[in-house]
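One-letter residues, chain by chain:
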Amino acid sequence: MGLNIKPLADRVVIEPAAAETTTASGIIIPDNAKEKPQKGTVVAAGPGTKDEPITVKVGDTVLYGKYAGTELKLEGTDYLIMRESDILAIV
């Protein structure tokens, strides 16, 4: 992946998973009712800080808080950049 961004310190860049478009029973969800995804893939990670080394790595699938991070768009793709502490779990 040719992502040309290098996060600093304990920052991580995440590509959010696609929002669900149908419910488990097959009902189609309109765009304005879709939940923000809370799961994504780490595409870049900073080096960490002296006191807090980074524990996630590129390729990890992670869960994060609903309103965590800052949205950014690079080359037509949406990403989130957040502190590693905003990540809740690796799945």
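- The name given to the protein chain in an unreviewed UniProt entry is Co-chaperonin GroES, with the source organism recorded as Seonamhaeicola marinus.
- Note on the protein chain: under the UniProt heading Sequence similarities (unreviewed entry), the record states "Belongs to the GroES chaperonin family."
- Taken directly from UniProt, the Subunit (unreviewed entry) text for the protein chain runs: "Heptamer of 7 subunits arranged in a ring. Interacts with the chaperonin GroEL."

### Remarks on the overall build of the protein chain
Inference 1: Broken down by element type, the protein chain carries zero helices and six strands.
Inference 2: Walking the protein chain from its N terminus toward its C terminus, one meets helices and strands in the order β-β-β-β-β-β.
Inference 3: Counting only C-alpha atoms and orienting by the principal axes, one finds that the protein chain spans roughly 50 × 30 × 20 Å.
Inference 4: Put simply, the protein chain has 91 residues, and 27% of those count as buried.

### With respect to the nonpolar core
Soluble, globular proteins show a tendency: their nonpolar side chains are buried together.
Inference 1: Residues V12, I14, V42, I54, V56, V62, Y64, A68, L80, M82 and I87 constitute the largest nonpolar core, which totals eleven residues.
Inference 2: For this core, the secondary-structure elements that each account for two or more residues are β1 (11–16), β3 (61–64) and β5 (77–83).
Inference 3: The residues touching V56, leaving out its near neighbours within four places in the chain, are V12, V42, A45, V62, E84, I87 and I90.
Inference 4: L3, V13, A44 and Y79 belong to the second-largest nonpolar core, a separate cluster that totals six residues.

About the thresholds
- Residues numbered from 1 in each chain as written.
- Predicted model: local features only at pLDDT ≥ 70, side-chain atom pairs only at ≥ 80, totals over all residues.
- Heavy atoms only, no water.
- UniProt positions renumbered as here; feature names shortened; annotations may be inferred.
- Helix = DSSP H or I, 4+ residues; strand = E, 2+ residues; numbered from the N terminus.
- Buried < 20%, exposed > 50% of the residue type's maximum accessible area, 1.4 Å probe, protein only.
- Core = buried A, V, L, I, M, F, W, Y, C linked by side-chain atoms within 4.5 Å.
- Contact = heavy atoms within 4.5 Å.

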